[in-house]
Amino acid sequence: MGLELTVDNLVKRFGTRELFAIEQLQVREGESVHLKGENGVGKTTLMKIMAGLEKPCSGTVIVTPKQRRWWSGRIHPDVIYLHQTPYVFMSKVIDNVAYGLKLRGGSRQNIKIKVKQALVWARLEHLAEQPAHSLSGGERQRLALARAWILAPRLLFLDEPTANLDRHSVSTVAELVSQLLKQGTTIMVSSHQSNRVTELCTRHLLLEGGALHEGVHHENMPHEIDSMMEPQRYAQH
Amino acid sequence: MAILLSAIPAILVGFLLAMTDFPGRWIVIAVFNALMAVPTVVIGLTLYLLLSRSGPFGEMHLLFSQPAMVIGQILLCFPVLVCMSHAAFQGIDRRAWETARTLGAHCARASVTLACEARFALLAALLAGFSRIISEVGCSMMVGGNILGYSRNIPTAIALETSKGEFAQGIALGFVLLLLALVLNFALASVRGKGQLV
Ligand SMILES: Nc1ncnc2c1ncn2[C@@H]1O[C@H](COP(=O)(O)OP(=O)(O)O)[C@@H](O)[C@H]1O
Ligand SMILES: [Mg+2]
């Protein structure tokens, strides 16, 4: 059965200021959604609420099929949210990647193999033994992706994954995201402007003035320079 | 001994104060901050009054015993531990919690992760609590009674030797304490240094 996330009459307020009110939103498995909106309209807040990390003031977020453990609360195990600037645990890169898998349990051998795969996938294998704090912004973003990828999430929230990255890192992240999409992961990307990652999305949502609008935006800004530089990103690795 | 007894509950209190938001939270924090600065003799006096024959816990005959000293020491280091672990957990990014949770950690496991992230600050908290204990005379003296071989510890022994005029003995014991403090602090510094370099 496909994963489905339904948002119903969601309202979020900070103090007396209403950030947004959303009547209805459905995200089905296999979709790729771009959540657009200016800075400060509440994209981060909305995605955290949808991922179960924050409480709405009213309304519901339901993920079906339910897979609740008594302790998991609002957080669905197949739903993962990635911060705009990822938090890295004070340990080695390899331990950061293994974190979620160790929580799930399983044989050491198995974990080791999967971590190795994830590192290769995110092109971090040369940094495996480095302390995660020494990584650059782009490498941290890839680390966060690997840390999520290893858990095979079915719905992944990416909060402005390219906001603080240089162009080269952006194309690497875009590459990883397109692979996630090919694997059938449902993705929701927030971004205040369109870029290489949001171009991969087929559905566009606009959060504006506290309301959510549906729309297919054909951005008239092809990223020619980026495409011209594409071959380079393989050359460098 | 006392530090071990109080470490876990104190760190838990510090954690709760940092993570939860309940009305009056800042009052609790302020109270613990104030307690941190209370002179040790005052705590000793309070405990003395509580434990003495005519006090509310008089029947337990705890005055001038080791349990009484341990209770005193717990009272001394608890506020220090609470305040410093509160600061430690507050220094941790809220994204750390969210990252742990979204990657499938339940609340208890995510808390452990946070404690790991704050490990150096927590270690420093333990050390500060321990310093408070080994540097005080007042409380031990009042409720322990400084009985030789039973409730005498190094600080109270120093106080006694000095009042007897036996300065050499006092100075020697003082060096022992100084050494102890230095060793502990160096140990912490080296662990921390390693943690940052690796
Ligand atoms: N914990 C909070 N307390 C008060 N206001 C908040 C909190 N979190 C976010 N906000 C406010 O909500 C607004 C939207 O924030 P955010 O969701 O980060 O927007 P975006 O990601 O679209 O830039 C901001 O104006 C911010 O000030
Ligand atoms: Mg944001």
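On a predicted model such as this, the values are computed, not experimentally measured, just so you know. Sequence positions are assigned chain by chain, starting from 1 and proceeding in written order. All chains are assigned letters beginning at A, and all ligands numbers beginning at 1, according to the order in which they are written. Where local features are concerned, this predicted model is filtered to residues with pLDDT of at least 70; where side-chain atom pairs are given and counted, the filter is 80 or more; whole-chain, interface and lining totals use all residues. Side-chain measures here rest on the full set of heavy atoms in the structure, leaving out hydrogens and waters.

### Overview of helix α5 (residues 94-102) of chain B
Where we set the bar: For every residue, the accessible area (1.4 Å probe, protein chains only) is compared with the maximum for its type, and the residue is labelled buried under 20%, exposed over 50%, or partly exposed between those bounds. Secondary structure follows DSSP: runs of H or I at least 4 residues long count as helices, runs of E at least 2 residues long count as strands, and numbering of each begins at the N terminus. By the convention used here, residues are in contact when the closest approach between their heavy atoms is within 4.5 Å.
Along α5 of chain B, the positions that sit buried rather than exposed are A96, E98, T99, A100, R101 and T102 of chain B. Buried residues belonging to α5 of chain B abut α1 (43-50), β5 (79-82), α2 (93-104) and α4 (137-149) of chain A together with α6 (107-117) of chain B. Just downstream of α5 of chain B, G104 of chain B is the residue with a positive phi angle, here 105°.

### Description of the site of ligand 1
All names here are of chain A. Put simply, the test is: Any residue with a non-hydrogen atom lying within 4 Å of a molecule or strand is treated as near it. As used in this structure description, the phrase polar contact means that two N or O atoms lie within 3.5 Å; if the pair is within protein, one of them must be able to donate a hydrogen and the other to accept it, and residues adjacent in sequence are counted only when both atoms belong to side chains. Residue exposure ignores everything except the shown protein chains as possible cover, and the areas themselves are Shrake-Rupley values with a 1.4 Å probe.
F14, R17, L19, E38, N39, G40, V41, G42, K43, T44 and T45 make up every residue found near ligand 1. Here an oxygen atom of ligand 1 and a backbone polar atom of V41 are 3.5 Å apart. In the model, an oxygen atom of ligand 1 is placed 3.1 Å from a nitrogen or oxygen of the G42 main chain. Bound to the protein, ligand 1 loses 58% of the 570 Å² it would expose on its own. Of the residues forming the shell around ligand 1, the biggest block, three residues, is contributed by α1.

### Considerations on the nonpolar core
Residue and element names in this part refer to chain A. Convention followed: Definition of nonpolar core: a set of buried residues of the types Ala, Val, Leu, Ile, Met, Phe, Trp, Tyr and Cys, connected through side-chain atoms within 4.5 Å.
Ranked by internal contacts, the top residues of the largest apolar core, which has 55 residues, are L82, V97, L143, L145, L156 and L158. Those residues within four positions of L156 in sequence are excluded, and the remaining contacts are I80, L82, L145, A148, L180, T185, T186, I187 and M188. Listed in part, the 27 residues of the second largest apolar core include L5, L10, F20 and M47.

### Notes on the sheet that holds strand β9 (residues 211-215) of chain A
Note: strands within a sheet are paired through backbone hydrogen bonds, in either parallel or antiparallel orientation. Residue and element names in this part refer to chain A. Applied cut-off: Note on pairing: two strands pair once DSSP finds at least 2 bridges between them. Lines fitted to C-alpha atoms define the axes, with helix axes restricted to the stretch in contact, and inter-axis angles between N-to-C directions lie between 0 and 180 degrees.
Sheet architecture is open: six strands sit in the order β5-β6-β7-β3-β8-β9, paired in mixed fashion. The open sheet has two edge strands with one neighbour each: β5 and β9. Direction aside, neighbouring strands of the sheet carry axes that sit 20° apart on average. Each of β5 and β6 (155-159) is contacted by α4, which is oriented at about 170° to β5, the strand it contacts most.

### Topic: the interface of chain A and chain B
How big an interface is tends to be expressed through the accessible area that disappears when the partners come together. As a reminder, the rule being used: Buried area is a sum: the accessible area each of two parts loses on coming together, probed at 1.4 Å, counted once for each and added. Here, a salt bridge means any side-chain nitrogen of Lys or Arg that lies within 4 Å of a carboxyl oxygen of Asp or Glu. Note that Gly is not counted as nonpolar here; it falls among the polar residues with everything else outside the nonpolar set of Ala, Val, Leu, Ile, Met, Phe, Trp, Tyr, Cys and Pro and the charged set of Asp, Glu, Lys and Arg.
Listed as interface residues are 22 residues of chain A and, on the opposing side, 20 residues of chain B. With both sides pooled, the region where chain A packs onto chain B buries about 2,000 Å², and carbon together with sulfur makes up 59% of that total. At the boundary of chain A with chain B, the tally comes to two salt bridges. For E98 of chain B, the salt bridge is made with K48 of chain A, and the minimal N-O distance between the two is 3.1 Å. Our count for the chain A to chain B interface comes out at 10 residue pairs in polar contact (both at pLDDT 80 or more). By residue class, the composition of the side of chain A that touches chain B is 15 nonpolar, four polar and three charged.

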